[in-house]
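Spelled out, the chains give:
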Amino acid sequence: MFKIIKTDLSSPFLPGSMEFDETDNELLTQYCVTERWAGDLSSGLFTLGEKAALAHGLPQRPCGLLNLIRCYEPADRARVLELFEQAAASSSSFCFSTTIHLDGAPRQPVFCVGESTGLEEKYAGTIIGVFIFPRFQIDLVGRRFKRQ
């Protein structure tokens, strides 16, 4: 899944339509690990949290976009790159799902939701979002799921 849409911040969700309570938070943490990330378009660096960097197999939390994308399923890399390029060109909301593909390790599904803002000045702006990691991995050999 790869989706992007121009952001219209003047049209927020309807009041009460997206309420999130403590029960929802407990349910989310039972099934997923989540972590915020941010990208600075003026420097080209993405800052990942500790859990996201570990899940992506990246030793440094500030990293370049290509370092991040190289962790994903090879068949999805071009689409994810295109999505980030579109988000960097105009303020947008986007989402994608893929699998982190590291040599010799079980594959980790990942969902990403984000938005880009502040693109009025050329080579400026920010992309922010959240990674969502389901609490299972896909075994390479038997394609079985392993609960974390």
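Analysis parameters
- Residues numbered from 1 in each chain as written.
- Predicted model: local features only at pLDDT ≥ 70, side-chain atom pairs only at ≥ 80, totals over all residues.
- Heavy atoms only, no water.
- Core = buried A, V, L, I, M, F, W, Y, C linked by side-chain atoms within 4.5 Å.
- Buried < 20%, exposed > 50% of the residue type's maximum accessible area, 1.4 Å probe, protein only.
- Helix = DSSP H or I, 4+ residues; strand = E, 2+ residues; numbered from the N terminus.
- Salt bridge = Lys/Arg side-chain N within 4 Å of Asp/Glu carboxyl O.
- Phe/Tyr/Trp six-rings, centres within 6.5 Å; stacked < 30°, edge-to-face > 60°.
- Contact = heavy atoms within 4.5 Å.

- The name that an unreviewed UniProt entry assigns to the protein is PAS domain-containing protein, with the source organism given as Shinella fusca.

### With respect to the nonpolar core
- Counting residues in each nonpolar core, the largest one holds 25 residues, and the members touching the most others are Trp37, Leu48, Tyr72, Phe84, Phe94 and Phe131.
- Elements with a contribution of two residues or more to this core: strand 2 (32-40), strand 3 (45-48), helix 2 (50-56), helix 3 (65-69), helix 4 (77-89), strand 5 (92-100), strand 6 (108-117) and strand 7 (126-134).
- Residue contributions to this core peak at four residues, all from helix 4.

### Comments concerning the pattern of salt bridges
- By the definition in use, this model includes one salt bridge.
- Among the ionic pairs, Arg107 bridges to Glu73, the shortest N-O distance being 3.4 Å. You can see Arg107 sitting in the loop between strand 5 and strand 6 and its partner Glu73 sitting in the loop between helix 3 and helix 4, a full 34 residues away along the chain.
- The exposure class assigned to Glu73 is buried, which follows from its relative accessible area of 19%.

### Points about the packing of aromatic side chains
- Overall, the coordinates contain nine aromatic pairs when judged by the stated rule.
- With a centroid separation of 5.9 Å and 65 degrees between ring planes, the pair formed by Trp37 and Phe84 is classed as edge-to-face. Residue Trp37 is found in strand 2, and its partner Phe84 is found in helix 4; the two are separated by 47 residues along the sequence.
- For Phe84, a relative accessible area of 3% puts it in the buried group.
- Arranged with centres 5.9 Å apart and planes meeting at 35 degrees, the rings of Phe131 and Phe133 form a pair that is tilted. Of the two residues, Phe131 and Phe133, neither departs from the other in class, the shared state being buried.
- Clustering of aromatic rings is evident, with ring pairs tying together Trp37, Phe46, Tyr72, Phe84, Phe94, Phe96, Phe131 and Phe133.

### Re the side chain of Thr99
- Here Thr99 shows up in strand 5.
- Apart from the residues lying within four places of it in its own chain, the contact partners of Thr99 are Cys71, Tyr72, Glu73, Asp76, Arg107, Gln108 and Pro109.

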